[in-house]
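Fold and geometry: a report
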Amino acid sequence: MKSYRPFARALPVWPPKIASRYNTWVSFHAHLSVAGGRRGTLRLAAAQACRVTVNGRVVGRGPARAAHGYARVDEWPVKADVAGNLRVIIEVMGYGVGTFCTTDEPAFCCAELIVGNRPVAWTAPRGGGFTAEHRTERVQRVERYSYQRAFIEGYRFGAAGLTWNEPGYAPARPLTLARVAHRRTWLPRGMAYPDLSVLKARLQAVRGGTNRFSAALAAKAPKWGHLYDVPKNSAGYRLNQVAWPLFTTLAGTTFKTTGAAKLRAATPTKLTTRAWVRADFGADHTGFPALRVKATKATRLLLVFDEILVDGQVKYNRSGCANALWLELAAGAEIDFEAFEPYTFRYLQVLVWTGAAEVSDIRLRHYINSTALRAAPAGLAPAPALVRRAALSSYRQNALDIFMDCPARERAGWLCDSLFTARAEWHLTGDNPIERAFLENYLLPATFDRLPRGMVPMCYPAEALQNMFIPNWAMFFIVQLDEARRLRRLPAAWQPLIERRVRGLLAYFRRFENDIGLLEKLENWVFVEWSK
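Each value, and the rule that gives it
- Residues numbered from 1 in each chain as written.
- Predicted model: local features only at pLDDT ≥ 70, side-chain atom pairs only at ≥ 80, totals over all residues.
- Heavy atoms only, no water.
- Helix = DSSP H or I, 4+ residues; strand = E, 2+ residues; numbered from the N terminus.
- Rg over C-alpha atoms; globule rule 2.2 N^0.38 Å.
- Buried < 20%, exposed > 50% of the residue type's maximum accessible area, 1.4 Å probe, protein only.
- Contact = heavy atoms within 4.5 Å.
- Areas by Shrake-Rupley, 256 points an atom, 1.4 Å probe, with all protein chains shown as cover.
- Lys, Arg positive; Asp, Glu negative; His and termini not counted.
- Charge placed at Lys NZ, Arg CZ, Asp CG, Glu CD.
- Axes fitted to C-alpha atoms, helices over the stretch in contact; angles between N-to-C directions.
- Parallel < 35°, antiparallel > 145°, perpendicular 65-115°, else oblique.
- Left-handed = near helix turned anticlockwise from the far one by under 90°.
- Nonpolar A, V, L, I, M, F, W, Y, C, P; charged D, E, K, R; others polar.
- Core = buried A, V, L, I, M, F, W, Y, C linked by side-chain atoms within 4.5 Å.
- Pairing = 2+ DSSP bridges.
- Polar contact = N/O pair within 3.5 Å; in protein donor to acceptor, adjacent residues only side chain to side chain.

1. Focus on the overall build of the protein
Scanning the protein from N- to C-terminus turns up eight helices and 23 strands. The C-alpha atoms of the protein give 24 Å as radius of gyration, which agrees with the globular expectation for 532 residues (24 Å, within 12%). Considering only C-alpha atoms, the protein reaches an extent of 75 × 55 × 55 Å along its principal axes. Here the protein, with 532 residues, has 55% of them falling under the buried criterion. Counting only contacts in the protein whose residues sit at least 6 apart along the sequence, the fraction spanning at least 24 positions is 81%. A total of about 23,100 Å² of accessible surface is found on the protein, and carbon and sulfur atoms cover 52% of it. Counting 72 positive and 44 negative side-chain charges, the protein places the centres of these two groups 4 Å from one another.

2. Concerning the packing of helix α7 (residues 471-487) against helix α8 (residues 495-510)
Look at α7 against α8: their axes get within 11 Å of each other, and the N-to-C directions meet at 150 degrees. One way to sum up the angle between α7 and α8 is to call them roughly antiparallel. The hand of the α7/α8 crossing is left-handed. Taken together, the residues of α8 that come into contact with α7 (itself represented by P471, A474, M475, F477, I478, L481 and R485) are Q495, I498, R501, V502, L505 and F509. By residue class, the composition of the contact of α7 with α8 is 10 nonpolar, one polar and two charged.

3. Overview of the nonpolar core
Membership of the largest hydrophobic core comes to 72 residues, with the highest contact counts inside it found for V277, L301, L302, F337, V350 and I362. Ignoring anything within four residues of it in the chain, the contact list for F337 reads Y155, F157, P289, A290, L291, L303, L325, L327 and R363. Judged by nonpolar contacts, the second largest core, of 59 residues, contains F288, L392, A399 and F509.

4. Some points on the sheet that holds strand β5 (residues 57-62)
Strands sit in the order β5-β4-β7-β2-β10 across an open sheet of five strands; the sheet is antiparallel. Two strands close off the open sheet at either side, each with one partner strand: β5 and β10 (131-134). Averaged over neighbouring strand pairs, the angle between their axes works out to 20 degrees when direction is ignored. Sheet analysis places strand β4 (residues 49-54) next to strand β7 (residues 85-94), joined by six bridges and oriented antiparallel. Paired with C50 across the two strands is V92, which belongs to β7.

5. Side note on the environment of W164
Within the secondary structure, W164 sits in the loop between β11 (154-157) and β12 (178-179). The class for W164 is buried, based on a relative accessible area of 4%. In this structure the C-alpha to C-alpha distance between W164 and K315, which are 151 residues apart in sequence, comes to 34 Å. Other than its neighbours up to four places away in sequence, W164 contacts W25, S27, H29, I89, E91, R135, E137 and Y169. At 3.5 Å, the side chain of W164 forms a polar contact with the side chain of E137.

6. Some words on the packing of helix α5 (residues 417-429) against helix α6 (residues 433-443)
Packing of α5 against α6 brings their axes to within 9 Å, and their N-to-C directions diverge by 150 degrees. One element, α5, and the other, α6, form an angle in the roughly antiparallel class. Taking contact as the criterion, the partners of S418, A422 and E425 in α5 are, on α6, P433, I434, E435 and F438. Taken together, the residues of the contact of α5 with α6 sort by class into four nonpolar, one polar and two charged.

Given below as structure tokens:
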């Protein structure tokens, strides 16, 4: 494969003081003065997740995921304001736990800001123009969101709010940075950038309240291993170690509707203790919930969300994950908050657990496929047109940087599902860049940790949690490789990688072949179908 060297001066760095910790949030800051309106490019690779803000506006979210030992490089366009200010903030999350949707490798940030075809700021242990700060506003000790993903979001904001994201801010005591020694090979992103457009909630909303917390009701909550069997089932924090017990608090809470509400741009919605307002986005969307909130008293505010209503209410744990996050705000704090993690929901419920607050501008930022899709056939009847729109929406939410089976609970790149989504990509776009990235991730590693020799992961990029794999999904992988090579587009240079992977799988399966040439007594998880 061709050598790819995107960085002239940038080095992958991370603060050694907080390396290897769970759930750490670090911001990297660069502030330059250039000609008014001058354009540039931010080249960026990071792990495990990152968000880019330029002059207070979100312009990027990523990265595009890659195999162990590799990282994909994004190139985000940036532009100075009319006064020539170019203020770049890169927020990076290091989760420190194995998941189905990221590799568990050392966190890092490698960034280079290019203006006029030359680097003007870059990450380095010393100098370079980027300084770093540990964002302790995000609470470290919280529950896992799901077995398949990392942590829920919990935040604590003082009266000053989000000062670190305001003009003129510079870290007062920057963290010491060190080069991350973990070896990675850079890869081009290789596919379209996400649609990060903003969608406002519908004006018509619903108000309500809650019952008193019931310990008996909380005791009936499902005892998921990633919450109740830590660290044996999942790495993270036990429920008696978390800063505030979001899961058990909601498990002992029931919601009741009290009437209709209307969301008005000029008039904030006032909420007091145990009062909530539920916004409706009209359909399922994947992205980042956001709102403006002013705490008139010290407040703990929850965002609770889901794709459907159950008996007229949001059920936060319906899908085997905790669809909620919390904010703790000092009295007087006024912030424009946007979640860092992507979720899938139609309904977003804003609940004041304690205190009093005014909320407004309830919205979400999409995190979906931005590629232009084939137009509908002429004269399509209303019913199939509706089905087609739903199918395209599902595709955009699940086909981003890899093919996912769901963009919420797991965000995992599963084999088998990927074959059918790849056919949809080719049909809808006439090309297969996401499939190529997906298959490249599977082809690049020489071996996969915690799996038998020759076997491939059931979902990837990921960790083989509890050494699980699905042998028949590996067979689908061979089918997809063959079909993509014959009917779609794969680079000819990949042929040695394809042969290595397929020969490895054939060698693995050979010991299960019986006397009539069939496979029997396959090991691990033989997945057939489990619809209920």
